[in-house]
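Listed below are the residues making up each chain.
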Amino acid sequence: MQNIKCIGILTSGGDSPGMNAAIRAVTRTAIYNGFEVRGIIRGYHGLVNGNFIEMQTQSVSNIIQQGGTILKSARCQEFTTTEGRARAYENMTREGIDALVVIGGDGSLTGARIFAAEYDIPIVGLPGTIDNDLYGTDTTIGYDTALNTIMWAVDRLKDTASSHDRLFFVEVMGRNAGFLALNGAIAVGAEAAIIPEIAVEVDQLAEFINNGLRKSKNSSIVLVAESEITGGAMGLAERVKKEYPQYDVRVTILGHIQRGGSPTAADRILASRMGEAAITALIEGQRNIMVGIDDDEIVYVPFTKAIRDDKPINRDLVQTVKVLSI
Ligand code: F6P
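Below or above, wherever it landed, is the structure these notes cover. Because the structure is a prediction, the values reported are computed rather than measured. (Residues numbered from 1 in each chain as written. Predicted model: local features only at pLDDT ≥ 70, side-chain atom pairs only at ≥ 80, totals over all residues. Heavy atoms only, no water.)

## Focus on the packing of helix α6 (residues 179-188) against helix α12 (residues 315-324)
Look at α6 against α12: their axes get within 10 Å of each other, and the N-to-C directions meet at 35 degrees. The crossing of α6 and α12 is left-handed. Counting all contacts with α6, which are made through L182, N183, A185 and I186, the residues of α12 involved are L317, V318, T320 and V321. Class assignment for the residues of the contact of α6 with α12 results in 6 nonpolar, 2 polar and no charged. (Axes fitted to C-alpha atoms, helices over the stretch in contact; angles between N-to-C directions. Helix = DSSP H or I, 4+ residues; strand = E, 2+ residues; numbered from the N terminus. Left-handed = near helix turned anticlockwise from the far one by under 90°. Contact = heavy atoms within 4.5 Å. Nonpolar A, V, L, I, M, F, W, Y, C, P; charged D, E, K, R; others polar.)

Okay, here's the thing in structure tokens:
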């Protein structure tokens with residue numbers, strides 16, 4: 001291990017439930033191992049502008065159950081420039097920070113990879129995103145909670161959908177990944193999931209209407225992944241109005257509700273294990289890696305691999321939705 005004394009920690013990009021549990025685990029494991037810890041406020045924005053707080057064990061008391069992030073988060077344009085990163089480096093060295101733990105999604109870890117390469121800083125990433133779209137980890141911090149939130153919301157929509165015999169398109173987040181839509185569809189017993197991963201291969205709407213929407217079912221719930229490729233829930237509803245006017249269609253966009261709330265037990269445990277592993281990784285001399293989970297084992301994934309944008313969905317699950325919706 002290079003001589004690390006003080007570790008900086010930040011949360012960046014879209015927040016996700018469990019980020020606080022990760023901050024707690026990183027802070028406490030670091031202090032336990034004799035490091036100093038600095039919290040960096042508002043992600044890379046705080047690094048570029050020198051916004052740091054000293055973290056003690058009590059700074060992270062009573063936050064494991066809280067959604068959001070006590071360190072706040074942002075998407076920082078300045079950090080994408082060489083000048084911005086130079087200021088960030090200047091500030092962190094002045095503060096005495098000699099390693100970083102970055103909690104965020106692909107954009108945040110891409111920033112970490114570039115920064116680490118430019119300034120030779122040990123950086124460890126934690127996958128904090130509800131999208132579950134990082135390669136090399138079975139799941140990401142916040143994904144399970146978001147799925148549960150989707151389940152909670154759609155259970156309620158099903159009541160009204162069936163009372164009025166309506167077809168509901170429910171748009172869920174995920175940027176360009178269909179994990180929330182696909183597994184959400186299984187969890188709520190939806191009739192279909194429309195996801196970007198297979199949108200270019202099949203006309204999922206036509207397939208669902210022609211084969212899937214049975215006469216014996218008066219109401220239907222379809223989970224749609226937000227994405228230009230799927231057309232989103234609004235786009236699909238417009239199509240139905242034109243092409244299949246016999247259906248009484250409604251749209252619900254779940255939006256940022258999916259990012260909030262108290263993390264599930266699964267997310268708290270995942271974040272705690274990953275947070276501890278981030279410090280272990282730094283002690284072992286690992287750098288420029290993301291902590292992942294593979295078959296319940298902690299793994300280290302190089303940044304370059306983790307941010308490849310082709311984490312595959314499990315295609316068997318597409319079939320599962322189809323079979324179970326008959
Ligand atoms: O990456 C997390 C995420 O919630 C995506 O699912 C979504 O597309 C995006 O962030 C929304 O970003 P913002 O909060 O900046 O509108």
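Following the structure, the description resumes.
## Description of the environment of P127
Looking at where P127 falls in the secondary structure, it is placed in strand β5 (residues 123-127). Its relative accessible area of 0% is what places P127 among the buried residues. Those residues in contact with P127 that lie beyond four places of it in its chain are G104, L134, T137, T140, I141, M274, M290 and V291. (Buried < 20%, exposed > 50% of the residue type's maximum accessible area, 1.4 Å probe, protein only.)

## Brief notes about the pattern of salt bridges
Two side chains bearing opposite charge may form a pair once their charged atoms approach each other closely. Tallied over the full model, the rule gives 17 salt bridges. Its salt-bridge partner being R85, residue E118 comes within 2.8 Å of it at the nearest N-O pair. With E118 in helix α4 (residues 106-119) and R85 in helix α3 (residues 82-95), this residue pair connects regions lying 33 residues apart in the sequence. Its relative accessible area of 35% is what places E118 among the partly exposed residues. Accessibility expressed as a relative area gives 7% for R85, which makes it buried. Three or more residues joined by partner-sharing salt bridges are found here, namely E36, R38 and E95. (Salt bridge = Lys/Arg side-chain N within 4 Å of Asp/Glu carboxyl O.)

## Topic: the packing of aromatic side chains
Within this structure, the stated rule accounts for 4 aromatic pairs. On the basis of an interplanar angle of 5 degrees and a centroid distance of 3.9 Å, the ring pair of Y44 and F79 is categorised as stacked. With Y44 in helix α2 (residues 44-48) and F79 in the loop between β3 (52-54) and α3, this residue pair connects regions lying 35 residues apart in the sequence. The two residues Y44 and F79 agree in class, both being buried. (Phe/Tyr/Trp six-rings, centres within 6.5 Å; stacked < 30°, edge-to-face > 60°.)

## A look at α6
Most of α6 is tucked away, with 7 of its 10 residues classed as buried. Of all the positions in α6, only F179, L180, A181, L182, G184, A185 and V188 are classed as buried. Immediately downstream of α6, the backbone of G189 shows phi near 70 degrees, a positive value.

## A look at the side chain of T252
With respect to the helices, strands and loops of the structure, T252 is situated in strand β9 (residues 249-253). Overall, T252 belongs to the buried group, its relative accessible area being 18%. In this view, T252 contacts L157, F168, F169, V170 and E171; residues no more than four positions away in its chain are not counted.

## Things to note about the site of the ligand
As a structural note, the neighbourhood of the ligand is formed by R75, D131, M173, G174, R175, E226, H256 and R259. Contact with the protein chains removes 74% of the 400 Å² of surface that the ligand exposes when unbound. Split into classes, the residues belonging to the shell around the ligand amount to 1 nonpolar, 2 polar and 5 charged. (Near = heavy atom within 4 Å. Areas by Shrake-Rupley, 256 points an atom, 1.4 Å probe, with all protein chains shown as cover.)

## Overview of the side chain of K311
Among the structural elements, K311 can be located in the loop between α11 (303-306) and α12. Look at K311: it is buried, it has no salt bridge, and the nearest opposite charge is D138 at 6.5 Å. Within the local environment of K311, its side chain forms a polar contact with the backbone oxygen of L134, the two atoms lying 3.4 Å apart. A distance of 2.8 Å separates a polar side-chain atom of K311 from the backbone oxygen of T137. Leaving out residues up to four positions away in the same chain, K311 has contacts with N132, D133, L134, Y135, T137, D138, T139 and F179. (Lys, Arg positive; Asp, Glu negative; His and termini not counted. Polar contact = N/O pair within 3.5 Å; in protein donor to acceptor, adjacent residues only side chain to side chain.)

## Concerning unusual backbone geometry
Negative phi characterises most residues that are not glycine, and trans characterises most peptide bonds. At R175, a residue that is not glycine, the phi angle is positive and equals roughly 55 degrees. Examined against the element boundaries, R175 turns out to sit in the loop between β6 (167-172) and α6. Look at N288: it is not a glycine, yet its phi comes out positive at around 55 degrees. In this fold, N288 is placed in the loop between α10 (265-283) and β10 (289-294).

## Considerations on the pairing of β10
Taken across its 6 residues, β10 has 5 buried, putting it largely inside the fold. Pairing of β10 with strand β11 (residues 297-302) involves 6 bridges; the strand directions are antiparallel. When the bridges of β11 are listed, G292 appears paired with V299. (Pairing = 2+ DSSP bridges.)

## With respect to the sheet that holds strand β8 (residues 220-225)
Strand pairing in a sheet is mediated by backbone hydrogen bonds. Such pairs are either parallel or antiparallel. Ordered in space as β7-β8-β6-β9, the 4 strands form an open sheet in which the pairing is parallel. In this open sheet, the two strands that pair with only one neighbour each are β7 (192-194) and β9. Each neighbouring strand pair of the sheet contributes to a mean axis angle of 25 degrees, computed without reference to strand direction. Bridge count between β6 and β9: 5 bridges; the pairing is parallel. Across the sheet, the residue bridging to E171 is I253, located in β9. Strand contacts of α6: β6, β7 and β8, with the helix running at about 160 degrees to β8, the strand carrying the most contacts.

The values reported here are purely geometric and, on their own, carry no functional implication.
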